[in-house]
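Fold and geometry: a report
Next come the chains, spelled out residue by residue.
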Amino acid sequence: MITIYTALLYLLQPFIWLRLWLRGRKAPAYRKRWAERYGFCRGKVEPNGILLHSVSVGETLAAIPLVRALRHRYPDLPIVVTTMTPTGSERASSAFGNDVHHVYLPYDLPGALNRFLNTVKPRLVIIMETELWPNLITQLHARRIPLVIANARLSERSARGYQKVGKLMQRLLQRITLLAAQNQEDAERFVSLGLKRSHLAVTGSLKFDISVTPELAARAVTLRRQWAPHRPVWIATSTHDGEESIILQAHRKLLERFPTLLLILVPRHPERFETARALVEKQGFSWIMRSSGEVPAATVQVVIGDSMGELMMLYGIADLAFVGGSLVERGGHNPLEPAAHAIPVLMGPHTFNFKDICARLQQADGLITVTDADALTHEISTLLTDEDYRLYYGRHAVEVLHQNQGALQQLLRLLEPYLPQRNH
């Protein structure tokens, strides 16, 4: 089975190059650093440490507290963070700076992985969420390098897909040293696919272990004073194709009632910044790009958030937040980032990527679900006119965040056997 998979992956390489080249038309970063994708990273990493893989932005954000805690506990141990996408790469670089080494994880080809592992020589590999690459798992097992899947999740839909290759999945899962699942439901799905219970722990979600640092809060307060000292502000983040038009429709209606209202619009992918800008302009809104560094004049109705690594700060400027990927069937993005700022969180009905987190927020009155532009307009109007209602939803959202923290400390304890003794 792995032989067929590997042969197909080799055959697909020309199409992968073509795809990277085409994506590079909108996002030039896709045309760079191809050698890293084939394991050439000599001189870019420091060997004999921890290798942590987070495929893209969401996983990288969840990994930030873990990487910082590992740096603090094991200051002499080098950390290499790998991603697969330029946005994930950008996020890793802006979050960690020179504290860690960053390269792309190579494609799951035996030669590329062999080259990569010979250079990095990790003593422990941590993979965020559920990136199960057959050749990577096989090589780590052969080299006796412990592999931990952290913050693991497995939706019903993904589990059904994996069942179709049941024997392969069983073999791969039995080669994992430890799997730390986000909840019991996900844990049971991994067991049903062949994971041994003795290799399983339920730690909760690392995504809850975020916090607003005093520095970040201070930067947000300063920016709010500059941008909108006397204006209401709402933010719509991680939006996908089809969502911006709904958001702008709602914003137009809201402006009739709140003429000074400012919208911060942050598309999910950098290659869509220009698309969003064109749409805002076409619809006749007055706009600026965040990257321009300008302070929005009183007449500016939309700020397009096209800067990288600033999302947590931008949430701190807003009175409420809509989190995208949820009005279209993308499964939604992380509602806990705005919750950390104690502001109300709104999302569409499609939240399967954050099913457990959204259910907890919903039960505690920390999340408002909207289905279309009219519902969005109605809920935002209510939140902006009723301060008690707004504070109620914001307070409940941040309480859910605080009540569910602790996954990080559990995970750090579970990692101790695979890392050098600490001097407490």
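Right above here is the structure, for reference.
Now for a look at the structure at hand. Quantities reported herein were computed from a predicted structural model and do not represent experimental measurements. (Residues numbered from 1 in each chain as written. Predicted model: local features only at pLDDT ≥ 70, side-chain atom pairs only at ≥ 80, totals over all residues. Heavy atoms only, no water.)

Looking now at the overall build of the protein. A count of helical and extended segments in the protein gives 17 helices and 14 strands. Whereas a compact globule of 424 residues would reach a radius of gyration of roughly 22 Å, the protein reaches 22 Å, a difference of no more than 12%. The C-alpha extent of the protein, read off along each of the three principal axes, is 65 × 45 × 45 Å. A burial count over the protein gives 56% of its 424 residues as buried. The long-range fraction of contacts in the protein, counting pairs at least 24 apart against all pairs at least 6 apart in sequence, stands at 67%. Total accessible area on the protein is roughly 18800 Å²; 52% of this is exposed by carbon and sulfur atoms. Across the protein, the mean location of the 49 positive side-chain charges is 9 Å away from that of the 38 negative side-chain charges. (Helix = DSSP H or I, 4+ residues; strand = E, 2+ residues; numbered from the N terminus. Rg over C-alpha atoms; globule rule 2.2 N^0.38 Å. Buried < 20%, exposed > 50% of the residue type's maximum accessible area, 1.4 Å probe, protein only. Contact = heavy atoms within 4.5 Å. Areas by Shrake-Rupley, 256 points an atom, 1.4 Å probe, with all protein chains shown as cover. Lys, Arg positive; Asp, Glu negative; His and termini not counted. Charge placed at Lys NZ, Arg CZ, Asp CG, Glu CD.)

In this section: the sheet that holds strand E11 (residues 302-304). As summarised here, the arrangement of the seven strands in space is E10-E11-E9-E8-E12-E13-E14, forming an open sheet in which the pairing is parallel. Whereas interior strands pair on both sides, the edge strands pair on one side only; in this sheet they are strand E10 (287-289) and strand E14 (368-369). Pairing between E10 and E11: three bridges, direction parallel. Across the sheet, Ile288 pairs through a bridge with Val303, a residue of E11. Contacting strand E8 (233-239), strand E9 (262-267), E11 and strand E12 (320-323), helix H10 (residues 243-257) crosses the sheet at an angle of about 170° to E8. (Pairing = 2+ DSSP bridges. Axes fitted to C-alpha atoms, helices over the stretch in contact; angles between N-to-C directions.)

Across the sheet, which stays open at both edges, the seven strands sit in the order E3-E2-E1-E4-E5-E6-E7 with parallel pairing between neighbours. The sheet is open, and its two edges are formed by strand E3 (101-104) and strand E7 (200-202), each paired on a single side. Each neighbouring strand pair of the sheet contributes to a mean axis angle of 20°, computed without reference to strand direction. Running at roughly 165° to E7, helix H8 (residues 184-192) makes contact with strand E5 (147-152), strand E6 (178-181) and E7 of the sheet.

Before going further, it helps to examine the side chain of Thr82. Along the chain, Thr82 falls in strand E2 (residues 79-83). Residue class for Thr82 comes out buried when judged on its relative accessible area of 0%. Of the polar contacts made by the side chain of Thr82, one reaches the side chain of His53; its length is 2.8 Å. Once residues within four sequence positions are removed from consideration, Thr82 is found in contact with Leu51, Leu52, His53, Ser54, His102, Val103, Tyr104, Leu105 and Phe116. (Polar contact = N/O pair within 3.5 Å; in protein donor to acceptor, adjacent residues only side chain to side chain.)

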